[in-house]
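Here is what each chain is made of, one letter per residue.
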Amino acid sequence: MLEIKNLEVEVEGKKIIRGLDLKIGKNEIHALLGPNASGKSTLAFTLMGIPKYKVVKGFIKFEGKNLNRLAPEKRAKLGIALAFQHPPSLNGIKLGTLLQKIEKQKIEIKIPRFEKLLEREVNVNFSGGEKRISELIQLIALKPKLAILDELDSGLDIQTLKLAAKLIKENLLKSGCSILLITHTANILQFLNPNKTHVMLRGKIVCSSSNWKKVWKTVKTHGYEKCEKCLSSNR
Amino acid sequence: MVMKNAKNVYHQIDEIVKILQIKGVKVLAISEAWEKYRIVRKYFEKKPKNGFFIWVKKQINFPISTCLEISKEKFKQEITNLTLIEKGIRAKALMICSALKKNLKCAHLAKGFIILRRNSSLEIKHFHNWNASDQIQMNYNFLLEKNSSVNYTFKSLNPGNVEFNTFAELKTYAKFEKKVIMDSKNSNANLNSTFTLSGKHSSAISTLKVVARNKSKVIALNKLIGKEQSRGHLECQGLLIGKEAKIELIPSLIVENRKALLTHEASIGKISEAELNYLRSRGLNEREAIELLVTGFLSG
């Protein structure tokens, strides 16, 4: 479904991603771990086609189609959706109004504690949890084939984390969506059990494993740098 | 911005006038009213030709509306109005002024007085809908007697070339809330407001939200004059879309009494790239995303 080959990305003249390869199949969950400033969010924005993230080398193919020159809205139409880590506040625009504009499917999600979110202006004075749930609701409305969840689990309490995982399972995975989970805390992985876990360092994937627990144990015990050194043994 | 069940008491298309009389409200052509009532002559030295006199004498439980429209090419509609709200009356008014066709190159020139007697209140929703080739000029004077209040919202998503002057004088405990919402697509706008707080404990809040697109030029001068112990606040926000658009916001505070407290906030910005990209990532194209952000800006 998604194929990234030898990708190099620059942001305002600075190279952030330096030769990244990644393949994600249909209905697979891939986790992308990495320390701050390793290039995880840059990859997310690049996949979404945000203009200031320039692909200078390599390619991104989605269902066989090269995305390199495609605008964000065209990628969204193809089925790529991104849950932003820091979504902007949209003054004067209610979440309900935005959903009416973007939804490919009518969503009726009754979420305890979050019922009144639709009547509020998007991300204006939202708590961290409300932002995450709002991002997920929007993604569900878009009915994506590939959902990129950028640090969805950071700063979430256990109850909201469980709720987020439930929404992902019931509304995204059930309909065949693939997931790229970007995280540096790995909190959400226990609920979603990824097919593959990758570690990103200095703009490259340095380790990929089907055993997320093993990767996370290494990271917790020795730090991310260790993943680079034990490249072969962790595969 | 909707006012339900409004009764249209004055409707003028080009020069043709229809008047509806309703219980508790006196509605006359301004020329007839000038001959009949001294108060009308007090405000207009010469007999005006066109326009209305609306005198709300008794409490009514529905909004009244006026409608001024132009259908003829190059038509010049000159209107002089006087609205009088009697003591203790609470009234609502819907005002609609518009061109009925595109490219009429018409002119709508309106002036008048809106007078609120003691303890009365008036809520006004005023809509304009013109084309870039139309010339619009409005001069309205509000006189607020003791303990009266006005809540005035003016909205124009197609303003034409407009000069809009508002003057308000507020007596003791009088309150004025004014909100101007304008989306200037390709036109010039001169917006001037002056609020004179001449009564103790009078207060005024003026909010301006203006969008300038393409080659639009918008100049807005908002002035507060504190002559007595009073409070006033000006809030002006501009949004520029397009490289050739221009907005100039000039808030002016004049304090003539040490107990007057006047403040202002003004800002001009452009569409945020982050917000635009966020909406594009949701499948809206650039034009749709800008429209949604403009709608949010004007309604927020």
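To be clear, the structure that these remarks concern was listed above.
### Brief notes about unusual backbone geometry
Of note in this structure, Lys 143 of chain A is not a glycine but carries a positive phi near 50°. Mapped onto the elements of the fold, Lys 143 of chain A is located in the loop between helix H4 (128-142) and strand E7 (146-150). Assessed through its relative accessible area of 47%, Lys 143 of chain A is described here as partly exposed. Look at Asn 5 of chain B: it is not a glycine, yet its phi comes out positive at around 60°. A residue is classified by how much of its surface remains accessible, and Asn 5 of chain B, at 66% relative accessible area, is exposed.

### Quick word on empty space enclosed by the protein
All names here are of chain B. Under the counting rule described, the total for this entry stands at 2 cavities of 30 Å³ or more. Taken as a whole, the largest cavity encloses approximately 110 Å³ of empty space. For the largest cavity, the lining is made up of 13 residues, of which Phe 52, Ile 54, Thr 83, Ala 93 and Met 95 are closest to its centre. When residues of the lining of the largest cavity are traced back to their parent elements, those giving at least two are strand E4 (52-56), strand E5 (64-70), strand E6 (76-85), strand E7 (90-99) and strand E9 (121-129). Looking at which element gives the most residues to the lining of the largest cavity, the answer is E5, with 3 residues. Tallied by class, residues from the lining of the largest cavity come to 9 nonpolar, 4 polar and no charged. Here the second largest cavity defines a volume of roughly 70 Å³.

### Concerning the sheet that holds strand E15 (residues 202-213) of chain B
Residues and elements named next belong to chain B. The strand order E2-E1-E5-E7-E9-E11-E13-E15-E17-E19 describes an open sheet built from 10 strands, whose pairing is mixed. Strands with a single pairing partner mark the edges of an open sheet, and in this sheet they are strand E2 (16-19) and strand E19 (261-270). Taking each pair of neighbouring strands and ignoring which way they run, the sheet shows an average axis angle of 10°. The pairing of strand E1 (residues 7-13) with E2 spans 4 bridges and is classified as antiparallel. Bridged to Gln 12 within E2 is Val 17. In the packing of helix H4 (residues 286-299) onto the sheet, contacts are made with strand E11 (149-158), strand E13 (175-184), E15 and strand E17 (230-241), and the angle to E15 comes to roughly 170°.

The rules we used
Residues numbered from 1 in each chain as written. Chains lettered and ligands numbered in written order. Predicted model: local features only at pLDDT ≥ 70, side-chain atom pairs only at ≥ 80, totals over all residues. Heavy atoms only, no water. Helix = DSSP H or I, 4+ residues; strand = E, 2+ residues; numbered from the N terminus. Buried < 20%, exposed > 50% of the residue type's maximum accessible area, 1.4 Å probe, protein only. 1 Å grid on protein atoms, 1.4 Å probe; cavity = no way out; pocket = protein on both sides within 12 Å on 5 of 7 lines; lining within 4 Å. Points joined across faces, edges and corners; volume = space filled by probe spheres on them. Nonpolar A, V, L, I, M, F, W, Y, C, P; charged D, E, K, R; others polar. Pairing = 2+ DSSP bridges. Axes fitted to C-alpha atoms, helices over the stretch in contact; angles between N-to-C directions. Contact = heavy atoms within 4.5 Å.

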